[in-house]
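Residues per chain, in single letters:
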Amino acid sequence: VQQRYDDFMQGCRDHYNKRPRACDQTERDRIAMSLRQPHSMQNYTDIGFKKIKTPEKLWNLLKDFWENNKDNRSPENWNTGNTYTN
């Protein structure tokens, strides 16, 4: 597992070869956020979530939006060294 992580980080450094330290800084920020975020989370139900079937009206809105926009994709731009996405 450690080797896989090390290879991942080295791949980031190689990709951003002009600013390889950006990968390490972003990774430190990601870890700090992962440690900080749970304290600020709030559960809205006893178990933290409730799985339900999407109401048909909402599902149709989502499906129609996808069908009308699926061919309008464009690349996302992330900061140099970004090792994660939300």
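So, how was this worked out
Residues numbered from 1 in each chain as written. Predicted model: local features only at pLDDT ≥ 70, side-chain atom pairs only at ≥ 80, totals over all residues. Heavy atoms only, no water. Helix = DSSP H or I, 4+ residues; strand = E, 2+ residues; numbered from the N terminus. Rg over C-alpha atoms; globule rule 2.2 N^0.38 Å. Buried < 20%, exposed > 50% of the residue type's maximum accessible area, 1.4 Å probe, protein only. Contact = heavy atoms within 4.5 Å. Lys, Arg positive; Asp, Glu negative; His and termini not counted. Charge placed at Lys NZ, Arg CZ, Asp CG, Glu CD. Salt bridge = Lys/Arg side-chain N within 4 Å of Asp/Glu carboxyl O. Disulfide = S-S within 2.5 Å.

Visitor: Is there a simple way to think about the overall build of the protein in this case?
Guide: Regarding its fold elements, the protein presents three helices and zero strands. Written out in order from the N terminus, the α and β elements of the protein read α-α-α. In terms of overall size, the protein is more extended than a compact globule, its C-alpha atoms giving a radius of gyration of 19 Å where 86 residues would be expected to give roughly 12 Å. Along the first, second and third principal axes, the C-alpha set of the protein runs to 50 × 40 × 25 Å. Across the 86 residues in the protein, those meeting the buried criterion constitute 10%. For the protein, the share of sequence-separated contacts (at least 6 apart) that also reach a separation of at least 24 residues comes to 63%. Distance from the positive charge centre (15 side chains) to the negative charge centre (12 side chains) of the protein: 2 Å.

Visitor: Help me understand the pattern of salt bridges in this model?
Guide: Working definition: two side chains of opposite charge can pair if their charged atoms are close together. Using the criterion set out here, one finds three salt bridges in the structure. The partner of Lys70 in a salt bridge is Glu67, with the nearest N and O atoms 3.0 Å apart. Judged by its relative accessible area of 27%, Lys70 falls in the partly exposed class.

Visitor: For this particular structure, what's the right way to read the state of the cysteines?
Guide: Formally, a disulfide is one covalent bond, and it connects the sulfur atom of one cysteine to the sulfur atom of another. Under the criterion given, the structure shown has one disulfide. Paired by a disulfide, Cys12 and Cys23 hold their sulfur atoms 2.1 Å apart. Between Cys12 and Cys23, the S-S dihedral sits near -85°, and the bridge is therefore left-handed. Pair noted here: Cys12 is in helix 1 (residues 2–15) and Cys23 is in helix 2 (residues 21–36), with a separation of 11 residues, a long-range link. Given the relative accessible area of 0%, Cys23 is considered buried.

The analysis is restricted to geometry; functional conclusions fall outside its scope.
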